Amino acid sequence: MTKQPISAAGAKAGARIQFERVSKRYGQLAALDDINLTIEAGEFFTLLGPSGSGKSTLLSLIAGFDQLSAGAILVDGQRADDVPPHRRGFGVVFQNYALFPHLTVEENVAYPLRARRMSSQEVRDRVADALRQVRLEGLGQRYPRQLSGGQQQRVAMARAVVFRPRVLLMDEPLGALDRKLRIDLQVELKQLHRELGATIVFVSHDQEEALALSDRIAVLRSGRIEQVDTPSGLYRHPTTPFVAGFIGESNFFAGILRRLREAAPVVELASGIRVPAAAGSGNDGEAVTLSVRPEQVAISPVMDVMSLAGPIIEIIYVGTATKLLIETQCGRAQAWVPAQGGQEFQIGQIVALRWAPDAATLHPRRCDER
Amino acid sequence: MLRLYASSPALLIAICIAVFIYLVAPLAIVVPISFSSGEGLAFPPPGYSLRWYEHYWTDRAWVDATITSLKVGVLVAALATALGTLAAIGLSRMAGRARVVAYAFIVSPIIVPVIVLAVALYRLYSPLGLNGSIVGLALAHTIMAAPFVVVTVTAALSRFDQQLVLASASLGETPFRTFFKVTLPLIRPSVLTGGLFAFMTSFDEVVIALFVGSGTVATLPRMMWASLRSGIDPTIAAVSTLLILLSVAVLAGAETLRRRGEGALGDSQAAKRIER
Amino acid sequence: MSAIGNFSHGAVTGGRTNGISAASTMWRGKLAWPLLIVLILFYAWPLIQILLMSFGAPAFTTEAYSRIFAVPAYGLVMMNTLWISAIVTAICLVFGYPVAFLLATASPRLSRALILFVVVPFGTSLLVRNYAWMVILGNNGLVNSALKSLGIIEQPLPLLYNTFGAVAGMAHVLMPYMILVLLAAMRGIEQSLGFAAHSLGATPFRAFRTIFLPLSAPGIVAGSVLVFIMSLGFFITPALLGGRSGTMISMVIEAQINQLVNWPLGAALSILLLVVTFILLGMGAWLAAWRRGKRGVL
């Protein structure tokens, strides 16, 4: 087991993947449409999106399990899409592990090494190393069906990394596990990434997992990329309402932007309620959707009849915070109050909602959106 | 659940018992007759002896016929298993309509009346000199036996996790070696079962053997047929008893293979489902 | 488990999933070709030859067919064949249904034990079983000896070498097919339906008549079609047990080819048999589709 510092590992161990105008069609249906993306060497990159967004399809294409309809995939500058999957040398971890049921754990992990005709001695050493790395030493002689789900998952990972691939593809590998186990394995996964230095392309529909693990994330929707950014970038500055709603939680309000000459810009919501907008916002009269995160919303007693306010209709306590659901003049909104706040709330209590001007994001509003 | 639909199952059970007796009695009768010391078909037999078994073992004609049947049977098992397994895998990779048509075509020999097949093949083989040859007969039997292999292996493939093939490719194994290291080991029980049924189909087959296997290629069923037509020779009873034993052995073998097949394929999936 | 799917479930489904997959096949379906080629050369082609021969190839004449329709004997044999097949099918259905019903509704362990009674004869050689019937039905056979010794009859009953013998033998061979097909259909009937009918006040017989029986109908159709088609083409059993009155069309074909060497006629008869078989198959399939359409997918 070799530990390498990240920068050196990135330079040698990971590969850079580029997608140029990649499309995949099934008859009339476009599973992927004109994807352009660059994944840097050594990155932990997540493809995030709901079912049917095309993220697993994209992974299949990288792995070579499927053919492109259009475009090219380059790995370290070389075209990869005309190389058959068994020659690409990428590690793949499947959601239901795809462990060979007729082989022992050891034989499973040794499989790629034997395919590369390594000497028996080296195979034995590397397999032992790999099993130690995923904390499964001593279980080598067992069969997959004798292991728990978490153990099977680790065997699948060990098998995928034992031949030191430059790229590791993971298709929702933690999806079948329960929450506690999933969080533990996420930590192990990050450590694995640091040790390996490989480029990891990770598919997930769980945005919390994506935020926790990734260097960068691409949010996909209906075969197209909505936004590519770092976790904090996606969280703080979502460029579309979809991203704002998919990553974390958001309140959405429809309104018209008003720039009065001397005052700060405001957004006029339904019923004439006005809320502040950030300084650099767009033009007067533009129809916008305003999104603001519940944890950015502050609760206070009502002081002004023109402020956004309403009765609390639901209180949910989650330990670290209290979530309040409020029926405002412009629809329902969520506000999350930290536990240390010391405030007590009651259902029916009328409160006002406020937030800092640059905590909200404005998106141009199209007719088909709310 | 029986009671849900039949308040007094007495009549039902009586009918079932009668049918079971009907189905099994003939077999039960043949066995004692094979040990009969008498010459005819009298039942119950006058006395007991092993003379008919002796007659079977010592008569050249019977022994040769048995060996011929074994040769053909083994050849058919090998051919049908190889071709049928490949066909089942090929079918699983075909697109919708082509797959249905090919599947129906492969299975159709079971529906076509055997006599028609026999006549057609006899006609085909004459100019080719394949009548009366082991190869000719084996080919004919393969056509009838392959459906069993294809159906059995297709069922196994439907339970087979295709992702294992993808996994093997991602780990660097060529498609050719993947077949032998991953696919074949996991469908092997079904392949062997198909092979067993192919063997039995050939071993028992009468009609085609009558037409195509003329003169030199006398299979065991052919000898039994001739014997049954000419006079009732109790040697047939001895042969029959041995055949019954063979059938039971094959069925037991097939059941064992089925159990083992489910163990290898099914358990890993079941374990995961039980887990969270 | 939605993001990843399993590929290809069964013989007639395709492979598209919404997860990581190999929707475009890695190998083509070429693997099926060796078998298909053997089938085409040694199965389809000979059958086509027979078809051509029935029309007097290399010439073209419908002489053989007109002969068949002109001479009453052939028509009689065909009628006889259809008649015997119908009887056999009816017997298999009437007696096979209760057995299948028992196997489907009994406890799994009992079911597994009882099914041996069906499977062991099923797997036994045809000739062995026919031989056994000859022993049982012969003039000095089991039945006659027993009846004589009980004093019920003086002369042996003619149970062999006639229609009775043929039917007894054929039903014996085909009953397992009917039972297994019915069983498969019955196993698909949900247990909870019977309980529901019960809770709604239906007597057991009413529940059977209105719920179980209709739901087993597809099995009845499939089993009957299968048994009927198979009895049409039977050769060995009627030849051994049927004698004169139990003559079936396959025996006539055999006689034409082997004894009379009248190929065009034999070929024509074969084609007719084949045509009748496929018509029945088509009717069965149509009936199945019609039922499915009427009730939605059951």
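What counts as what
Residues numbered from 1 in each chain as written. Chains lettered and ligands numbered in written order. Predicted model: local features only at pLDDT ≥ 70, side-chain atom pairs only at ≥ 80, totals over all residues. Helix = DSSP H or I, 4+ residues; strand = E, 2+ residues; numbered from the N terminus. Buried ≥ 20, exposed ≤ 12 C-beta atoms within 10 Å, placed from the backbone. Contact = placed C-beta atoms within 7 Å. Pairing = 2+ DSSP bridges. Axes fitted to C-alpha atoms, helices over the stretch in contact; angles between N-to-C directions. Parallel < 35°, antiparallel > 145°, perpendicular 65-115°, else oblique. Left-handed = near helix turned anticlockwise from the far one by under 90°. Nonpolar A, V, L, I, M, F, W, Y, C, P; charged D, E, K, R; others polar. Right-handed = clockwise from strand over helix to strand, strands pointing away. Core = buried A, V, L, I, M, F, W, Y, C linked by C-beta atoms within 7 Å. Domains from an automatic or database assignment. Expected span 1.5 Å × (residues − 1). Bend = angle between axes of the 7 residues up to and from the residue. pLDDT = per-residue confidence, 0-100.

Asker: Could you give me a rundown of the overall build of chain C, with the residues and numbers involved?
Answerer: Looking only at helices and strands, chain C has 13 helices and zero strands in total. Secondary structure elements of chain C, listed N to C terminal, follow the sequence α-α-α-α-α-α-α-α-α-α-α-α-α. Residue burial in chain C is summarised as follows: out of 298 residues, 44% are buried. Across chain C, every contact between residues at least 6 apart in sequence was considered, and the portion connecting residues at least 24 apart equals 70%.

Asker: Lay out the overall build of chain B with the relevant residues and their values.
Answerer: Secondary structure assignment for chain B yields twelve helices and zero strands. The order of helices and strands in chain B, counted from the N terminus, is α-α-α-α-α-α-α-α-α-α-α-α. Across its three principal axes, chain B shows a C-alpha extent of roughly 70 × 65 × 30 Å. Across the 276 residues of chain B, 53% fall into the buried class.

Asker: Explain the sheet that holds strand β17 (residues 321-328) of chain A to me, using residue names and the numbers behind them.
Answerer: All names here are of chain A. Spatially, the five strands line up as an open sheet ordered β15-β19-β16-β17-β18, and their pairing is antiparallel. With partners counted over all chains shown, the strands left at the sheet margins are β15 (298-300) and β18 (331-338), one partner each. This sheet shows a mean twist of 45 degrees between the axes of neighbouring strands, independent of strand direction. As defined by bridge partners, strand β16 (residues 309-317) adjoins β17 across five bridges and the pair is classed as antiparallel. In the strand pairing of β17, Glu 314 is matched with Leu 325.

Asker: Explain the packing of helix α3 (residues 105-115) of chain A against helix α5 (residues 149-161) of chain A to me, and be specific about the residues and the numbers.
Answerer: All names here are of chain A. Contact geometry for α3 and α5: axes closest at 7 Å, N-to-C directions at 25 degrees. As far as their axial angle goes, α5 and α3 are roughly parallel. Both α3 and α5 take part in a crossing whose hand is right-handed. Between α3, through Val 105, Asn 108, Val 109, Tyr 111 and Pro 112, and α5, the contact on the second element is made entirely by Val 155, Ala 158 and Arg 159. Tallied by class, residues from the contact of α3 with α5 come to six nonpolar, one polar and one charged.

Asker: Tell me about the interface of chain B and chain C, and please be specific about residues and values.
Answerer: Contacts between the two partners involve 82 residues from chain B and, on the opposite side, 84 residues from chain C. A breakdown of the residues in the side of chain B that touches chain C according to their chemical character gives 63 nonpolar, 13 polar and six charged.

Asker: Before we move on, could you go through the pairing of strand β8 (residues 199-204) of chain A and cite the residues and values that matter?
Answerer: All names here are of chain A. Most of β8 is tucked away, with six of its six residues classed as buried. The alternating pattern of β8 places Thr 199, Val 201 and Val 203 on one face and Ile 200, Phe 202 and Ser 204 on the opposite face, and all of these are buried. With five bridges joining them, strand β3 (residues 44-48) and β8 adopt parallel strand pairing. Bridged to Phe 45 within β8 is Val 201. Inspection of the sheet shows strand β7 (residues 167-171) paired to β8 by five bridges, in the parallel sense. Across the sheet, the residue bridging to Val 167 is Thr 199, located in β8. For the crossover that starts at β7, traverses helix α6 (residues 179-196) and ends in the parallel β8, the hand is right-handed.

Asker: Can you break down the pairing of strand β14 (residues 287-292) of chain A residue by residue, with the values?
Answerer: Residues and elements named next belong to chain A. For β14, the buried fraction is high: five of the six residues fall into the buried class. Summarising the sheet, strand β11 (residues 251-258) and β14 pair through six bridges and their orientation is antiparallel. Among the inter-strand pairings, Ala 254 is bridged to a residue of β14, identified as Thr 289. Where β14 and strand β20 (residues 360-364) come together, five bridges link them in antiparallel fashion. The partner of Val 292 across the bridge, within β20, is Ala 360.

Asker: Tell me what's going on with the environment of Gly138(C), and back it up with residues and numbers.
Answerer: Here Gly138(C) shows up in the loop between α6 (126-137) and α7 (142-149). Overall, the presence of 22 C-beta atoms within 10 Å leaves Gly138(C) in the buried class.

Asker: Please provide a residue-by-residue account of the environment of Ser214(A), values included.
Answerer: All names here are of chain A. Of note, Ser 214 is situated in the loop between α7 (207-213) and β9 (216-221). For Ser 214, a count of 22 C-beta atoms within 10 Å gives the class buried. Linking Ser 214 and Phe 202, residues twelve residues apart in sequence, is a C-alpha distance of 8.4 Å. The residues contacting Ser 214, other than those within four sequence positions of it, are Phe 44, Phe 45, Thr 46, Phe 202 and Pro 231.

Asker: Account for the nonpolar core, naming residues and giving values.
Answerer: With 237 residues, the main nonpolar core has Ala118(B) and Leu121(B) as its most contacted residues. A total of 15 residues in this core trace back to one element, the largest contributor, which is helix α8 (residues 163-187) of chain C. Among residues more than four places away in sequence, those in contact with Leu121(B) are Ala140(B), Ile208(B), Phe211(B), Val212(B), Phe42(C) and Pro46(C). Among the nonpolar cores identified, the runner-up in size contains 20 residues, and Leu257(A), Ala277(A), Val292(A) and Val351(A) belong to it.

Asker: Can you explain the domain arrangement of chain C? Please cite residues and give values.
Answerer: Frequently, the measure chosen for interface size is the accessible area removed from exposure when the parts meet. All names here are of chain C. In terms of domains, chain C is made up of domain 1 (28-61) and domain 2 (71-295). With centres defined by C-alpha atoms, the gap from domain 1 to domain 2 works out at 30 Å. Contacts between the two partners involve five residues from domain 1 and, on the opposite side, six residues from domain 2. Counted by class, the side of domain 1 that touches domain 2 contains three nonpolar, two polar and no charged residues.

Asker: Kindly report on the sheet that holds β3(A), identifying the contributing residues and their values.
Answerer: Residues and elements named next belong to chain A. Reading across from one edge, β6-β7-β8-β3-β9-β10 is the order of the six strands in this open sheet, with mixed pairing throughout. In the strand order of this sheet, the two ends are held by β6 (91-93) and β10 (224-229), each with one partner. Between one strand and the next, the sheet's axes are offset by a mean angle of 15 degrees, whatever the strand orientation. Set on the sheet, α5 makes contact with β6 and β7; between it and β6 the angle comes to about 170 degrees.

Asker: Which residues make up the packing of α8(C) against helix α10 (residues 204-232) of chain C, and what values do they have?
Answerer: In a packed pair of helices, the relevant descriptors are the angle between the two axes and the axis-to-axis distance. All names here are of chain C. The contact between α8 and α10 brings their axes to 8 Å, and the two run at 155 degrees. Our classification of the angle between α8 and α10 gives roughly antiparallel. At the point where α8 passes α10, the crossing takes the right-handed sense. Residues Met 170, Leu 174, Tyr 177, Met 178, Val 181, Leu 182, Ala 184, Ala 185 and Met 186 of α8 touch α10, and the partners they reach there are Ser 216, Pro 218, Gly 219, Ile 220, Ala 222, Gly 223, Leu 226, Val 227, Met 230 and Ser 231. Here the residues of the contact of α8 with α10 are counted per class, giving 15 nonpolar, four polar and no charged.

Asker: Got a sec to walk through unusual backbone geometry? Specific residues and values, please.
Answerer: For Tyr97(A), which is not a glycine, the phi torsion comes out positive at approximately 75 degrees. Position of Tyr97(A) relative to the elements: it lies in the loop between β6 and α3.

Asker: Residue-level account of helix α2 (residues 10-34) of chain B, with values.
Answerer: Residues and elements named next belong to chain B. If you check α2, its first and last C-alpha atoms are 36 Å apart, about what 25 residues at 1.5 Å a residue would give, namely 36 Å. Of all the bends found along α2, the most pronounced is centred on Val 24 and spans about 40 degrees, while Pro 26, a proline, follows it within four residues. Of all the positions in α2, only Cys 16, Val 19, Leu 23, Pro 26, Ile 29, Val 30, Ile 33 and Ser 34 are classed as buried.

Asker: Quick rundown of the confidence of the model for chain C? Include the residues and the values.
Answerer: Residues and elements named next belong to chain C. Put simply, chain C has an average pLDDT of 81, and 89% of its residues get 70 or more. Here α7 stands out as the element of chain C with the lowest mean pLDDT, 81, in contrast to helix α3 (residues 72-105), whose mean of 92 is the highest. Predicted complex, confidence summary: ipTM 0.81, pTM 0.76.

Asker: Quick rundown of the environment of Phe35(B)? Include the residues and the values.
Answerer: On the secondary structure map, Phe35(B) appears in the loop between α2 and α3 (51-58). Setting aside residues up to four positions removed in sequence, Phe35(B) forms contacts with Pro45(B), Tyr48(B), Ser49(B) and Leu50(B).

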